[in-house]
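Coordinates in review
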Amino acid sequence: MFDSHMVPVVAITDDLRDGRDGLVARALGAVRGGATMVQLRLKDADARTLVEVACALVVAMPVPVVVNDRVDVALAARAAGVHVGADDLPVDAVRRIAPPGFIVGASVGCDAEVAGARGADYVGIGPVYATVSKRDAGSAIGVAEFERLARACGVPAVAIGGITPERVPPLMAAGASGVAVIRAILSAADPEAAARAMRHATGA
């Protein structure tokens, strides 16, 4: 069951450069530092690898694990939920096949995507700032546009895209419930310290 306390700091996985166990260890470090949710995002991994990594994260993490894009992988791994983009299975379709309490997040980057996110537990809005972590992220929308889209969605909104600790306070002031971070946490030399700095910046 979703609760807004799950999203102050969403740590998104980057890659498997140190294998499954290494990724799990980095994610655990992030959680020790204050990450409140872990999102599995491995764009180049096959389904078998995704399920294996998802299962390992679900077993190890004391916080909810959601899977990016792949509802089938999330269900197979018994993850807490899924995060879908505009080109993925619609939120209402996910609801029809998912068990009660399954968390559904949705990406929003413009007005056209607000309607498709209806029924989601939370939305990820961005990229707020320019990012190199997502090749298909699009142009930065800025804090003011984040605030406008967050109000339009009417559910807890998580800011994503180029997030650093010093950029967090203005986003929280603009109505963000939290931030979602790839490079600044799980690509950091010390994910625990990086997550701690991010959590501190949210004031949560």
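The preceding data block contains the structure.
Residues numbered from 1 in each chain as written. Predicted model: local features only at pLDDT ≥ 70, side-chain atom pairs only at ≥ 80, totals over all residues. Heavy atoms only, no water.

The next point concerns the nonpolar core. Proteins that are soluble and globular tend to have nonpolar side chains buried together. Formed by 59 residues in total, the largest nonpolar core has its most connected members in L57, M61, F146, I163 and I185. In terms of nonpolar packing, the next biggest core, distinct from the first, is built from 13 residues, M6, V7, V10 and V66 among them. (Core = buried A, V, L, I, M, F, W, Y, C linked by side-chain atoms within 4.5 Å. Buried < 20%, exposed > 50% of the residue type's maximum accessible area, 1.4 Å probe, protein only.)

Taken as a whole, this structure holds 13 salt bridges when the rule is applied. Between E145 and R148 there is a salt bridge whose closest N-O contact spans 2.8 Å. Taken together, the residues E145 and R148, both in helix α5 (residues 142-153) and three residues apart, mark about one turn of the helix. Of the residues examined, R148 reaches a relative accessible area of 37% and is grouped as partly exposed. (Salt bridge = Lys/Arg side-chain N within 4 Å of Asp/Glu carboxyl O. Helix = DSSP H or I, 4+ residues; strand = E, 2+ residues; numbered from the N terminus.)

This part covers the sheet that holds strand β5 (residues 103-108). Pairing is parallel around the closed barrel formed by eight strands, whose spatial order is β1-β2-β3-β4-β5-β6-β7-β8. Between one strand axis and the next, the sheet turns through 25 degrees on average, direction left out of account. Where strand β4 (residues 81-84) lies against β5, four bridges are found, and the strand directions are parallel. The partner of H83 across the bridge, within β5, is G105. (Pairing = 2+ DSSP bridges. Axes fitted to C-alpha atoms, helices over the stretch in contact; angles between N-to-C directions.)

That bond from G126 to P127 is cis: its omega, 5 degrees, falls within 30 degrees of zero. On the secondary structure map, P127 appears in the loop between β6 (122-125) and α5. Backbone geometry at R78 places phi at a positive 55 degrees, although glycine is not the residue there. Its location among the elements puts R78 in the loop between α3 (71-76) and β4. Overall, the relative accessible area of 73% leaves R78 in the exposed class.

It is worth spelling out the side chain of Q39 at this point. Tracing the backbone shows Q39 in strand β2 (residues 37-40). Beyond its immediate sequence surroundings of up to four residues, Q39 is in contact with V10, A11, I12, T13, V66, N68 and H83. (Contact = heavy atoms within 4.5 Å.)

With that settled, the discussion passes to a nonpolar patch on the surface. On the surface, L75, L89 and I97 cluster together into a nonpolar patch covering about 240 Å² of accessible area. Mapped onto the elements of the fold, L89 is located in the loop between β4 and α4 (91-97). Overall, the relative accessible area of 38% leaves L89 in the partly exposed class. (Patch = residues over 30% accessible without salt bridge, like charges linked within 9 Å, V, L, I, M, F, W, Y side chains within 5 Å. Areas by Shrake-Rupley, 256 points an atom, 1.4 Å probe, with all protein chains shown as cover.)

Counting through the fold element by element, T13 comes out in the loop between β1 (9-12) and α1 (19-33). Here the side chain of T13 touches R41 through a polar contact of 2.8 Å, landing on its backbone nitrogen. (Polar contact = N/O pair within 3.5 Å; in protein donor to acceptor, adjacent residues only side chain to side chain.)

Throughout the structure, instances matching the rule amount to one aromatic pair. Look at F2 and Y122: their rings are 5.7 Å apart centre to centre, the planes differ by 20 degrees, and that puts the pair in the stacked class. With F2 in the segment before β1 and Y122 in strand β6, the pair connects residues that are 120 residues apart, well separated along the chain. F2 gets classed as buried once you look at its relative accessible area, which sits at 18%. The ring of Y129 is capped by R167, whose NZ or CZ atom sits 4.1 Å from the centre of that ring. (Phe/Tyr/Trp six-rings, centres within 6.5 Å; stacked < 30°, edge-to-face > 60°. Lys NZ or Arg CZ within 6 Å of the ring centre and 35° of its normal.)

A few words on the state of the cysteines. Such a bond, covalent and formed between the sulfur atoms of two cysteines, is termed a disulfide. Overall, the coordinates contain zero disulfides when judged by the stated rule. With no disulfide of its own, C110 lies closest to C153 among cysteine sulfurs, the gap being 10 Å. (Disulfide = S-S within 2.5 Å.)

Position of G105 relative to the elements: it lies in strand β5. Of the residues examined, G105 reaches a relative accessible area of 0% and is grouped as buried. Note: C-alpha distance between G105 and V82 (23 residues apart in sequence) is 6.3 Å. Discounting chain neighbours no more than four positions away, the residues touching G105 are V82, H83, V84, A120 and Y122.

Nothing here speaks to function; it is geometry throughout.
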